[in-house]
Amino acid sequence: MDFTMTLYLRHYWKDERLSFPSSTNKSMTFDSRLVKKIWVPDVFFVHSKRSFIHDTTTDNIMLRVYPDGQVLYSMRITVTAMCNMDFSRFPLDTQTCTLELESYAYTDEDLMLYWKNGNESLKTDEKISLSQFLIQKFHTTSRLAFYSSTGWYNRLYINFTLRRHIFFFLLQTYFPATLMVMLSWVSFWIDRRAVPARVSLGITTVLTMSTIITGVNASMPRVSYIKAVDIYLWVSFVFVFLSVLEYAAVNYLTTVQERKERKMREKFPCTCGMSHTKTMMLDGMYGDPDTNSLAGYTKSQIATEDVEKQDKMVVHLTLSPNSSTSRKKGIKGHVGLRLMQHTHTIDTYSRMIFPASFIFFNLIYWSVFC
């Protein structure tokens, strides 16, 4: 939570003791050696962490004196100052930082600091650009600061507003998280019996989301509040995790259903105890019409008529007045069972509920934070 700035700090004041007669009214320029022999303002940067005056190849200090005693004192400084940033909307945030200047020894009764031309006192290079921020505006203010032990001091402020570029985080954070959520939905279209495919897909998306969350938090300050990116990533993680739980529920319900069907088959075996049973011999080439045509024959009659055919099979047929109705119900039940084997009701609803919920979350998220 700090910023580093390189600037030219220029002081203007009038000291009549430095006036000199001049016929051409030209100023005289000196280097840093004269600065140590005259009075200069003792301005320092409040809340600065570190700062220094550039000294390559010599001290970057200039002193210019005019005949009437006007003084221009300029130096090139790099300062790193504290900035209390609020990351609750990160990376969709806008930060306002302040650089503060104040006299260290002289109170407001001895020395008054003010901006020479107001906001026009701040001039920046138009080519300056930051990789992560856009400099929106600069403005100046001034007010008094009170210290209980020393008194009131005049303080100058340089306020600048920085808006963070979002495109980098869209590529590195939001798009991968969204793709992982969408990838987790693929399992809803995979056959529920393909356990390795669906489990491996769910675990892969969960681990990928954990890696994205860890990478984002590694480059962030250890703040104690929730950031906007945390909300998006953790909601995405919940969607991915719920897709894994969804398959766990599908697998469990499928197992329970198969167990019930197995018990029903054991309780009601496929034996026929109807009124009349006839025995006949069939080979593998007979169809349903042939079977019906042979229903009135006994085993001995069939053997007498067709003694040349070998490799016959004996089939016990049970005929019932409701045989056609039972057959139709059996076909419908078999088709329904095959459909249930390929999909499940939970999978069908999840294909609609998960995307709709995630789209609804994105609409709320971007409308609130943008």
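Below you will find a few notes about this structure.

Cut-offs applied
Residues numbered from 1 in each chain as written. Predicted model: local features only at pLDDT ≥ 70, side-chain atom pairs only at ≥ 80, totals over all residues. Heavy atoms only, no water. Patch = residues over 30% accessible without salt bridge, like charges linked within 9 Å, V, L, I, M, F, W, Y side chains within 5 Å. Areas by Shrake-Rupley, 256 points an atom, 1.4 Å probe, with all protein chains shown as cover. Salt bridge = Lys/Arg side-chain N within 4 Å of Asp/Glu carboxyl O. Lys, Arg positive; Asp, Glu negative; His and termini not counted. Charge placed at Lys NZ, Arg CZ, Asp CG, Glu CD. Helix = DSSP H or I, 4+ residues; strand = E, 2+ residues; numbered from the N terminus. Polar contact = N/O pair within 3.5 Å; in protein donor to acceptor, adjacent residues only side chain to side chain. Contact = heavy atoms within 4.5 Å. Pairing = 2+ DSSP bridges. Axes fitted to C-alpha atoms, helices over the stretch in contact; angles between N-to-C directions. Phe/Tyr/Trp six-rings, centres within 6.5 Å; stacked < 30°, edge-to-face > 60°. Buried < 20%, exposed > 50% of the residue type's maximum accessible area, 1.4 Å probe, protein only.

## Digging into a positive patch on the surface
Then step 1. A cluster of basic residues, Arg259, Arg262, Lys263 and Arg265, forms a positive patch at the surface.
Then step 2. Examined against the element boundaries, Arg259 turns out to sit in helix 4 (residues 228-267).

## Side note on the side chain of Lys227
Then step 1. Looking at the element boundaries, Lys227 is found in the loop between helix 3 (195-218) and helix 4.
Then step 2. A polar atom in the side chain of Lys227 sits 2.9 Å from the side chain of Asp230.
Then step 3. Beyond its immediate stretch of four places on either side in the chain, Lys227 contacts Phe87, Ser88, Phe90, Asn217 and Met220.

## Re the sheet that holds strand 8 (residues 133-147)
Then step 1. Read from one edge to the other, the open sheet built from four strands follows the order 3-7-9-8, with strand pairing classed as antiparallel. Edge strands, defined here as strands with exactly one partner in the open sheet, are strand 3 (43-46) and strand 8. Strand after strand, the sheet turns through a mean of 25° between neighbouring axes, direction not considered.
Then step 2. As defined by bridge partners, strand 7 (residues 94-103) adjoins strand 9 (residues 151-164) across nine bridges and the pair is classed as antiparallel. The partner of Thr96 across the bridge, within strand 9, is Thr161.

## Observations concerning a nonpolar patch on the surface
Then step 1. A grouping of Val195, Val199, Ile203 and Leu207 is seen on the molecular surface, where their side chains present a nonpolar patch of about 310 Å² in accessible area.
Then step 2. As for its position among the elements, Val195 is in helix 3.

## Focus: the packing of aromatic side chains
Then step 1. A full pass over the atoms with the stated rule returns 27 aromatic pairs.
Then step 2. Ring centres 5.5 Å apart and planes at 40° place the aromatic pair Phe138 and Phe160 in the tilted group. Of the two residues, Phe138 is situated in strand 8 and Phe160 in strand 9; the sequence distance between them amounts to 22 residues.
Then step 3. Judged by relative accessible area, which is 4%, Phe160 ranks as buried.
Then step 4. Between the aromatic rings of Phe239 and Phe358, the centroid separation amounts to 5.2 Å while the plane-to-plane angle is 80°, which identifies the pairing as edge-to-face. Pair noted here: Phe239 is in helix 4 and Phe358 is in helix 8 (residues 345-369), with a separation of 119 residues, a long-range link. Taken as a pair, Phe239 and Phe358 share a single burial class, namely buried.

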